[in-house]
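The primary structure of each chain is shown beneath.
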Amino acid sequence: YQGADFLLNLSVHNDEDYGMSVAEAQCSGLPTILTDWGGLASFNYETMPEATFYIPVKIGLRAKVIDREKIFESFRWAMQAKGSHDR
């Protein structure tokens with residue numbers, strides 16, 4: 001985690017209750033980019049709003065849909081956020 005710029009987890013798996021890799025990354029001060037699906041939504045800490053960027057997931061006709069523009073926006077956010085963390 002110390003060598004990474006951010007953690008990206010775009011999981012939309014139905015049984016994703018808790019992401020251990022997300023917890024480990026956040027404990028090391030790494031900015032995280034997550035979907036707001038399942039248990040990943042529980043990593044939103046009011047005391048650390050700069051720690052996580054959420055990408056909303058919508059239910060489409062045949063599959064779950066993630067907005068590409070939100071992904072690019074999250075990359076821009078993470079590249080700005082990484083310089084503010086003393087890791």
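Look a little higher up for the structure.
To start, this report covers the structure provided alongside it.

Okay, the overall build of the protein next. When its secondary structure is counted, the protein shows two helices and five strands. Going from N to C terminus, the protein has its helices and strands arranged as β-α-β-β-β-β-α. Going through the 87 residues of the protein one by one, you find that 36% of them count as buried. Of all intrachain contacts in the protein linking residues separated by at least 6 positions in sequence, the fraction that spans at least 24 positions is 49%. Per element, the accessible surface of the protein, about 5600 Å² overall, is 53% carbon and sulfur.

Further remarks concern helix H1 (residues 20-27). All of the buried residues in H1 are Val 22, Ala 23, Ala 25 and Gln 26. Looking down the long axis of H1, one finds its buried residues gathered within 165 degrees of arc, a one-sided arrangement. Facing away from the buried surface of H1 by more than 90 degrees, the exposed residues are Met 20 and Cys 27. Elements that come into contact with the buried residues of H1 comprise strand E1 (7-9), strand E2 (32-35) and strand E3 (52-55). Downstream of H1 by a residue or two, Gly 29 has a phi angle that is positive, lying close to 85 degrees.

This part takes up the packing of aromatic side chains. Under the counting rule described, the total for this entry stands at two aromatic pairs. Where Phe 6 meets Phe 75, the ring centres are 5.6 Å apart and the plane angle is 35 degrees; that geometry is what we call tilted. Within this pair, whereas Phe 6 is found in the segment before E1, its partner Phe 75 is found in helix H2 (residues 68-81), the two being separated by 69 residues in sequence. Phe 75 sits in the partly exposed class, given a relative accessible area of 29%.

Definitions and limits used
- Here, residues in each chain are numbered from 1, in the same order as that chain's written sequence.
- Restriction of local features to residues with pLDDT of at least 70 applies here, the model being predicted, together with a cutoff of 80 or more for giving and counting side-chain atom pairs; totals for whole chains, interfaces and linings are based on all residues.
- Excluded from the side-chain calculations are hydrogens and water; all other atoms, namely the structure's heavy atoms, are used.
- Numbering of helices and strands runs from the N terminus; a helix is a DSSP stretch of H or I covering at least four residues, while a strand is a stretch of E covering at least two.
- Exposure categories follow from relative accessible area, calculated using a 1.4 Å probe and restricted to protein chains: below 20% of the type maximum is buried, above 50% is exposed, and the middle band is partly exposed.
- Any two residues whose heavy atoms approach within 4.5 Å are treated as being in contact.
- Residue-level accessible areas treat just the shown protein chains as cover; the underlying method is Shrake-Rupley with a 1.4 Å probe.
- Summarising the geometry, the arc corresponds to the directions from the helix axis toward the C-beta atoms.
- Any pair of Phe, Tyr and Trp rings, taking the six-membered ring for Trp, is counted once the centres come within 6.5 Å. Such a pair is stacked with planes under 30 degrees apart, edge-to-face with planes over 60 apart, and tilted for the rest.

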